[in-house]
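Each chain, letter by letter, is given below.
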Amino acid sequence: METIIGIDLGTTNSEVAIIRDGQPVVLEEDGDPILPSVVGLDTEGRLLVGKPARNQYALAPERTIRSIKRKMGQETTVALGDQKYSPQEISAIILRTLKNRAEKTLGYPVSRAVITVPAFFNDGQRQATRQAGELAGLDVVRIINEPTAAVLTYDPHPRDRERLLVYDLGGGTFDVSVAQVEQGVVEILSSHGDTQLGGDDFDQLLLDHVCDSFSKKHAIDLRQSPQARSRLLHAVEEAKKRLSFEAVASIEEEFIASKDNMPLHLSMEIVRAEYEDLIHPLLIKTLGCLDEALTDARLQATEIDKVVLVGGATRTPLIHQLLEERLGRPVHSEIEPDLAVAMGAAVQGGLIAGVDVGPILVDITPHTLGIKSLGDLHGFMSPYHFSPIIPRNTPIPASRNEIYSTVFDSQDAAEIRVFQGENEDIRFNTLVGEFVVEGLARVPAGNQILVRLDLDLSGILNVTATERATGLVKRVTIDNATERFRVRQRSDAVDRLQAAFETVEDQEGEDLGLEKPVLSLTGPSPRHIHEADDQTATMAPSLRAVVDSANRLAAKAEHIIPGASDADASELRALLGSLRAAIERRSEDEIEGISREIEDIIFYLEDK
Ligand code: AMP
């Protein structure tokens, strides 16, 4: 059977994939599946494609072409050395490189391909992509939309009709699409986006942050030196990527500048929460596009069956958090987000060639792993707060860390209790292991402890706690960590309901467990709580009272949901969504009306 290759021809990066043993596989060269979409000429006039071309961009922009995809479909040319090329010709060089990669891996020639394009590409842009394929010696059997490809990767053959939301944030562009898939046919119901928003903007914000801080200290603006700027841009991008998995990232650049004939070095630590504050406004912008896409598709958030993440920048944990808050469901990023589109193109190629493509197999964490900490629980400080470290659906092996801090002055011990589950109250999750770190420095409260979880493929969890100031380390290994989770039976529901009410009612005057060696979370800030605080601060007292009581009711409802039947839980969730929207609109009547409906359900469940 003939191989039809799948190609993601991206603005920043491109990839090629094939179907092997019923599974899409992205092909690598020198261990790297990603080919930067950059073409250049070296000093001797030899053609460079991919990484070497990207590496020379800062030094030789006149001999390097990036982001050619933005020009596809335009009647224009770009200069490379002393020659002029059409956008199709430059794209053809990238496509030919990918074709060669496929032929080298397979050991035989390939001539047919499926190529992906953004959903918003017009006919001219699609035609130009087809021409680029032909120039590269490829018969382009189909051009498909990138969100369609992502849907095919996750759901080649859904049993029932499914509606998916594809959130795609790459290096330079953002788009969000709502798709419906039924019997293998994917229909894009709506698409929105911003062609000027992507991970590169996050780099720029971080660069400004680092340069501003350096300038405060040394009165030198590093942005003015092209060389320093280009070095730093690379360094901040690397730091940004590390912050997706680590709570802190350091940036060390020696001899970055000089003053009074003395070299100056840059050494800085970025804490994830600080970085998240920088990018938060941009992410809120993406949520605006998401709302528009839902409105255009005439769907409510609750009608979306699956949320799929695409694009390298969606590895940012704050994106997962904001989407889960907005859409009320877990997001899917089991498949490498920058490879999902190429894999989908290969799935489409496989379907055309008549190859049997099975559901994609990836090892993922079935449940969230995290620790107990002192933190917010439904608006109250509680020692039962569950602080997630490795979210569920994370591909294994996985390593993540967070920073916590001691709660009292001279606290010389910290209890690390590791739980598994999805409830923000640890009492509803499963304890998988615990230990105490002793011998901490007797310093004021706020002594930082870095807690790291490493989960390997066989389910072995290594937990490490490090006192940042002294380097004191305590480590434990927990076997079969992922197998301990037991889904509680319905018969437990009554006990859990009871526990839920006790929690809510006791919380205001609750003993915060302060005699115990607890940790509080200082890393990822519970942003929504701050927002809620800010929101109520500007409200009229009567409205604030209504909102406060609605928030208390919502907390009660959130507690009840895990023990309720599917139907009751989904009704409560929908009402909570409407309640949140009514609070945002500050509509007192609506808040009171929805609160009454929630109260009725709680009353009914209590009575059952
Ligand atoms: P793409 O266009 O899908 O290849 O995405 C490229 C963008 O993803 C660039 O801005 C990268 O810096 C960004 N990116 C890649 N890996 C990560 C990561 N681990 N965390 C955050 N951003 C990332």
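Once a new chain begins, its residue numbering starts again from 1 and follows that chain's sequence as written. Residues qualify for local features only when their pLDDT is at least 70, as the model is predicted, and side-chain atom pairs are given and counted only at 80 or more; totals for whole chains, interfaces and linings, by contrast, use all residues. To get the side-chain values, take all heavy atoms of the structure and skip hydrogens and water.

**A look at the packing of helix H2 (residues 87–106) against helix H3 (residues 123–135)**
The test is simple: Comment: axis = line fitted to C-alpha atoms, over the contacting stretch for helices; angle = value between 0 and 180 degrees taken between N-to-C directions. What counts as a helix is a DSSP run of H or I of at least four residues, what counts as a strand is a run of E of at least two, and both are numbered from the N terminus. In this scheme, roughly parallel covers angles under 35 degrees and roughly antiparallel covers those over 145, while 65 to 115 is roughly perpendicular and the rest are oblique. Put simply, a crossing is left-handed when the front helix is turned counterclockwise from the back one by less than a right angle, and right-handed when it is turned clockwise. Any two residues whose heavy atoms approach within 4.5 Å at even a single point are treated as in contact.
Relative orientation of the contacting elements H2 and H3 amounts to 55°, with a least axis distance of 8 Å. Considering their axes alone, H2 and H3 lie oblique with respect to each other. Once H2 is placed against H3, the crossing between them reads as right-handed. Together, Gln88, Glu89, Ser91, Ala92, Leu95 and Arg96 of H2 and Ala128, Gln131, Ala132, Gly133 and Leu135 of H3 make up the contact between the two elements.

**Quick word on the pairing of strand S17 (residues 306–310)**
We apply this condition: Partly exposed residues are those whose accessible area sits between 20% and 50% of the maximum for their type, while under 20% is buried and over 50% is exposed, using a 1.4 Å probe and protein chains only. Here, a strand pair is defined by DSSP locating no fewer than two bridges between the strands. Consider the strands pointing away from the viewer: the crossover is right-handed when the path from the first strand over the helix to the second runs clockwise.
The element S17 is extensively covered by neighbouring structure, given that 5 of its 5 residues are classed as buried. In terms of strand pairing, strand S12 (residues 162–169) meets S17 through 5 bridges, oriented parallel. Within S17, the residue paired with Leu165 across the bridge is Val307. Pairing of S17 with strand S18 (residues 331–332), which is carried by 2 bridges, proceeds in the parallel orientation. Considered in S18, the bridge of Val308 is made with His332. With respect to chirality, the unit in which S17 leads through helix H8 (residues 317–327) into the neighbouring parallel S18 is right-handed.

**A few points about the sheet that holds S18**
Ordered in space as S14-S13-S12-S17-S18, the 5 strands form an open sheet in which the pairing is mixed. This sheet does not close on itself; its edge strands, each paired only once, are strand S14 (185–194) and S18.

**Re the pattern of salt bridges**
Opposite charge on two side chains permits them to pair, given that their charged atoms come into close proximity. Where we set the bar: The term salt bridge refers to a pairing of a side-chain nitrogen on Lys or Arg with a carboxyl oxygen on Asp or Glu at a separation within 4 Å.
All chains considered together, the criterion is met by 30 salt bridges. In this structure, the salt-bridge partner of Glu29 is Arg101, at a minimum N-O distance of 3.5 Å. Of the two residues, Glu29 is situated in the loop between strand S3 (23–26) and strand S4 (35–36) and Arg101 in helix H2; the sequence distance between them amounts to 72 residues. Residue classification places Arg101 among the buried residues on the basis of a relative accessible area of 6%. A salt bridge links Asp412 to Arg442, with the nearest nitrogen and oxygen atoms 2.8 Å apart. Of this pair, Asp412 sits in the loop between strand S21 (398–406) and strand S22 (413–420) while Arg442 sits in the loop between strand S23 (430–438) and strand S24 (448–455), and the two are 30 residues apart along the sequence. For Arg442, a relative accessible area of 58% corresponds to the exposed category.

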